[in-house]
Amino acid sequence: MDPLSTPARLRGLATWLLGQSSNQGHRLIGERLQAVGVASRSYYSLLLALAEVGPTSQADLGRRVGLDRSDVTAAVTDLEEKGYLERTPDPADRRRNLVRLTDDGVEFLTKLDTEVAAAQEELLTPLTPQERAALIGMLVRVVEHHTGLRLSDTAER
């Protein structure tokens, strides 16, 4: 759908506007991450999850970021081949592996954080700092209301 030819009544709906904003955000992040060799935006989510919780099983990692088991396996394999992750046997259950960030993975995540921050900046360029904070606050409230998640304690403001 071409946003310029979209019916005026549709262009005034919050759902349409959020969708268009989301599309632009995904595009900006995708372009920046691809430029540094990341095959999928989900790689960033996986690396963030590991940085937050430490070594974890692939199954737990997939549940944490909402990825299918086969997608997690492919991403972990790719990231491991690049030296960003390491799989080791779980001492509590030798039948499964734990995935952990390597030092190179921590450094790579820092690089990705910079790219994601730049994409956020580009997306929100037309807004003042106060408008950005207000927008994020309102979006947090909408997400909390519809999901039951408690984001307001951790959302960047």
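All of the points below concern the structure found in this document.

Rules used in this analysis
- Residues numbered from 1 in each chain as written.
- Predicted model: local features only at pLDDT ≥ 70, side-chain atom pairs only at ≥ 80, totals over all residues.
- Heavy atoms only, no water.
- Helix = DSSP H or I, 4+ residues; strand = E, 2+ residues; numbered from the N terminus.
- Buried < 20%, exposed > 50% of the residue type's maximum accessible area, 1.4 Å probe, protein only.
- Contact = heavy atoms within 4.5 Å.
- Lys, Arg positive; Asp, Glu negative; His and termini not counted.
- Charge placed at Lys NZ, Arg CZ, Asp CG, Glu CD.
- Pairing = 2+ DSSP bridges.
- Axes fitted to C-alpha atoms, helices over the stretch in contact; angles between N-to-C directions.
- Phe/Tyr/Trp six-rings, centres within 6.5 Å; stacked < 30°, edge-to-face > 60°.
- Core = buried A, V, L, I, M, F, W, Y, C linked by side-chain atoms within 4.5 Å.
- Salt bridge = Lys/Arg side-chain N within 4 Å of Asp/Glu carboxyl O.
- Expected span 1.5 Å × (residues − 1).
- Arc of directions from axis to C-beta.

## Section: the overall build of the protein
- For the protein, the count of helices and strands is seven helices and three strands.
- Taken along the three principal axes of its C-alpha coordinates, the protein extends 60 × 35 × 30 Å.
- Buried positions account for 29% of the 157 residues belonging to the protein.
- Of the contacts formed within the protein by residues at least 6 apart in sequence, a portion of 43% connects residues at least 24 apart.
- The centroid of the 19 positive side-chain charges in the protein is displaced by 6 Å from the centroid of its 23 negative side-chain charges.

## Describing the sheet that holds strand β1 (residues 56-57)
- Read from one edge to the other, the open sheet built from three strands follows the order β1-β3-β2, with strand pairing classed as antiparallel. Of all strands in the sheet, those bounded by a partner on one side alone are β1 and β2 (85-90).
- The strands touched by helix α3 (residues 41-53) are β1, β2 and β3 (93-101); relative to β3, the strand with the most contacts, the crossing angle is about 105 degrees.

## Some thoughts on the packing of aromatic side chains
- This structure, assessed with the given rule, holds one aromatic pair.
- A ring pair is formed by tyrosine 84 and phenylalanine 108, whose centres lie 4.1 Å apart and whose planes are at 0 degrees; its orientation type is stacked. A residue pair is termed long-range when its members are at least 10 positions apart, and tyrosine 84 in the loop between α5 (69-81) and β2 and phenylalanine 108 in helix α6 (residues 103-123) qualify at 24 residues.
- Given a relative accessible area of 7%, phenylalanine 108 falls into the buried group.

## Digging into the nonpolar core
- The biggest cluster of nonpolar side chains holds 25 residues, and the ones touching the most others in it are Leu33, Val38, Leu47, Leu85 and Leu112.
- At the level of secondary structure, the elements contributing two or more residues to this core comprise α2 (14-35), α3, α5, β3 and α6.
- Those residues in contact with leucine 33, other than ones at most four positions away along the chain, are Val38, Arg41, Tyr44, Leu112, Glu115 and Val116.

## Considerations on the pairing of β3
- As defined by bridge partners, β1 adjoins β3 across two bridges and the pair is classed as antiparallel. Bridge pairing links serine 57 to leucine 98 in β3.
- For β2 and β3, the ladder comprises six bridges, and the chain directions are antiparallel. Opposite threonine 88, over in β3, you have leucine 98 as the bridge partner.
- Between the end of β2 and the start of β3, which pair antiparallel, lie two residues.

## A few points about the pattern of salt bridges
- If you walk through the whole model with that rule in mind, you get 13 salt bridges.
- Linking arginine 96 and aspartate 90 is a salt bridge whose minimum nitrogen-to-oxygen distance equals 2.6 Å.
- On the accessibility criterion, arginine 96 (35% relative accessible area) is partly exposed.
- Several salt bridges share partner residues, and in doing so they unite Asp60, Arg63, Asp90 and Arg96 into one network.

## Side note on α5
- Across its 13 residues, α5 extends 18 Å between first and last C-alpha, which sits within 8% of the 18 Å expected from 1.5 Å per residue.
- Val72, Ala75, Val76, Asp78 and Leu79 are the residues of α5 that are buried. Taken around the axis of α5, the buried residues stretch over an arc of 165 degrees, which confines them to a single face. Of the exposed residues in α5, the ones pointing more than 90 degrees away from its buried face are Arg69 and Glu81.
- Structurally, α5 contributes buried residues whose contacts are with α3, α4 (58-65), β2 and β3.

## With respect to the side chain of glutamate 115
- You can see glutamate 115 is positioned in helix α6.
- The contacts of glutamate 115, once residues within four sequence positions are left out, are Arg32, Leu33 and Val36.

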